[in-house]
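Per-entry structural report
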Amino acid sequence: MEFRHLRYFLVLAEELHFGRAAQRLAITQPPLSLNIQQLEASVGAQLFTRNSRGVQLTAAGQAFVPAARQLLERAGAAAREAREVAQGVVGSLQVGFAGTVLYRGLPQILKHFHAEHPQLRLVLREMSSSDQLVDLMHDRLDVGFVHTPRVASGFSQVLVSRQSFVACLPSSHRLAKRRSIDPAAFAGEPFVAISRSVSPDYHDRILGLCADHGFLPEVRFELRHWLSVVSVVAQGLGVSLVPEALAMAGMPDVRFIPLKGETPPYDTRCLWKTEREQAALAAFLAAVRGFAQPIK
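Please read these numbers as outputs of a predicted model, since none were measured by experiment.

1. Structural notes on helix α2 (residues 18–25)
Those residues of α2 lying buried are Phe18, Gly19, Ala21, Ala22 and Leu25. All buried residues of α2 lie within an arc of 165 degrees about the axis, which places them on one face of the element. Packed against the buried residues of α2 are α1 (3–15), α3 (29–43), β1 (48–51) and β2 (54–57). Of the residues one or two after α2, Ala26 is the one with positive phi, at around 60 degrees.

2. Remarks on the packing of aromatic side chains
In this structure the tally under the stated criterion is nine aromatic pairs. Aromatic side chains Phe165 and Tyr202 sit 6.0 Å apart centroid to centroid with 50 degrees between the ring planes, which places their arrangement in the tilted category. One end of the pair, Phe165, is in strand β7 (residues 165–170); the other, Tyr202, is in helix α7 (residues 200–212), and 37 residues separate them in sequence. For Phe165, a relative accessible area of 2% corresponds to the buried category. Tyr202 sits in the buried class, given a relative accessible area of 1%. Their ring planes at 55 degrees and their centres at 6.2 Å tell us that Phe165 and Trp226 sit as a pair that is tilted. Here the residue Phe165 occupies a position in strand β7, and Trp226 occupies one in helix α8 (residues 226–234), the gap between them amounting to 61 residues. Three or more aromatic residues joined by ring pairs make a cluster, and in this case those are Phe165, Tyr202, Trp226 and Tyr266.

3. Observations regarding the pairing of strand β5 (residues 143–146)
Residues Val143 and Phe145 line one face of β5 and the alternating positions Gly144 and Val146 line the opposite face, and both faces are buried. In this sheet, β5 lies alongside strand β3 (residues 91–97) in parallel orientation, the contact comprising three bridges. Along β5, the bridge assignment pairs Phe97 with Phe145. Across three bridges, the pairing between β5 and strand β12 (residues 266–273) is antiparallel. From the neighbouring strand, Gly144 faces β12, where its bridge partner is Leu271.

4. Some points on the sheet that holds strand β4 (residues 120–126)
Pairing is mixed across the open sheet formed by five strands, whose spatial order is β4-β3-β5-β12-β6. In this open sheet, the two edge strands, each paired with only one partner strand, are β4 and β6 (155–163). The average angle at which neighbouring strand axes cross in this sheet is 20 degrees, direction not considered. The strands touched by helix α5 (residues 106–116) are β3, β4, β5 and β6; relative to β4, the strand with the most contacts, the crossing angle is about 165 degrees.

5. Re the pairing of β3
One ladder, built from seven bridges, connects β3 with β4; its direction is parallel. Bridge assignment links Leu93 to a residue of β4, and that residue is Leu122. Between the parallel elements β3 and β4, the chain passes through α5 in a crossover that is right-handed.

6. Focus: the pattern of salt bridges
Tallying each qualifying case throughout the model produces 15 salt bridges. One salt-bridge network, held together by shared partners, links Glu14, Glu15, Arg20, Arg24 and Arg69.

7. Some details on the environment of Glu14
Checked against the element boundaries, Glu14 lands in helix α1. Among the residues examined, Glu14 registers a relative accessible area of 45% and is labelled partly exposed. Each C-alpha atom, one on Glu14 and one on Asp182, is 85 Å from the other, the two residues being 168 residues apart in sequence. Each residue touching Glu14, except ones within four places of it in the same chain, is listed here: Arg24 and Arg69. Side-chain polar atoms of Glu14 contact the side chain of Arg24, separated by 3.0 Å.

Reading the values: rules and limits
Residues numbered from 1 in each chain as written. Predicted model: local features only at pLDDT ≥ 70, side-chain atom pairs only at ≥ 80, totals over all residues. Heavy atoms only, no water. Buried < 20%, exposed > 50% of the residue type's maximum accessible area, 1.4 Å probe, protein only. Helix = DSSP H or I, 4+ residues; strand = E, 2+ residues; numbered from the N terminus. Arc of directions from axis to C-beta. Contact = heavy atoms within 4.5 Å. Phe/Tyr/Trp six-rings, centres within 6.5 Å; stacked < 30°, edge-to-face > 60°. Pairing = 2+ DSSP bridges. Axes fitted to C-alpha atoms, helices over the stretch in contact; angles between N-to-C directions. Right-handed = clockwise from strand over helix to strand, strands pointing away. Salt bridge = Lys/Arg side-chain N within 4 Å of Asp/Glu carboxyl O. Polar contact = N/O pair within 3.5 Å; in protein donor to acceptor, adjacent residues only side chain to side chain.

This is a description of form; function is not addressed.
Below, the structure written as structure tokens:
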């Protein structure tokens, strides 16, 4: 049974006349008759009765009409969906992101993307940069927003945002009213750090920054999320150095103060497999590039 057979059957079922049905189908009567015979042989039942007065549907033919319509409609819908996925009109993407992207970059990208492609579905998963790299490698993610300068071969990248580190300390702290802070002022203070297992690059960069200013921080807490770092500081349990975008989190009882001197940048990169060809991914990357900064 072929879709052509179903189309011919439905036209003949409507016209109940071989001549008129053949005219609608832009074919001659002999191939129409042959196709109907092939369909009846495939179904295993006679679908029409033919006599001198014309053509009539049998009981089997009448029962077959709605089924044939449904089959053609489903086939048409499947073809449309395949075309739309190929064109990037519909489909889904698995997107990984590290938490601070929620405060700089990701909301703007999502707003623009959804306005341009409302039928494309994004599945967003908050993950550490290291976990994203693993899932990108194994095709469990289509694209990721990571905070690491270490990009393996085979990946393409766009720098989404670059920000500074700032001092993060309780509102009641003796240094909380300063307009800027020398990192050396944190020597001897209980320190709250992002876990090295979650973000080894930035854990090491922060400790390196402290070492450059003549001290090793007394790390009391190592936490998996930057918001957890800010929360512990807000409770008066220590001080930290955090990305400046976290000031947008609106957490009470904490101050964010610029640092004096040079500090390492906190970069957000969008990563994807270079070889990955997908129209939906290309559409999403267009939205990312619309927000992104050039890599220096």
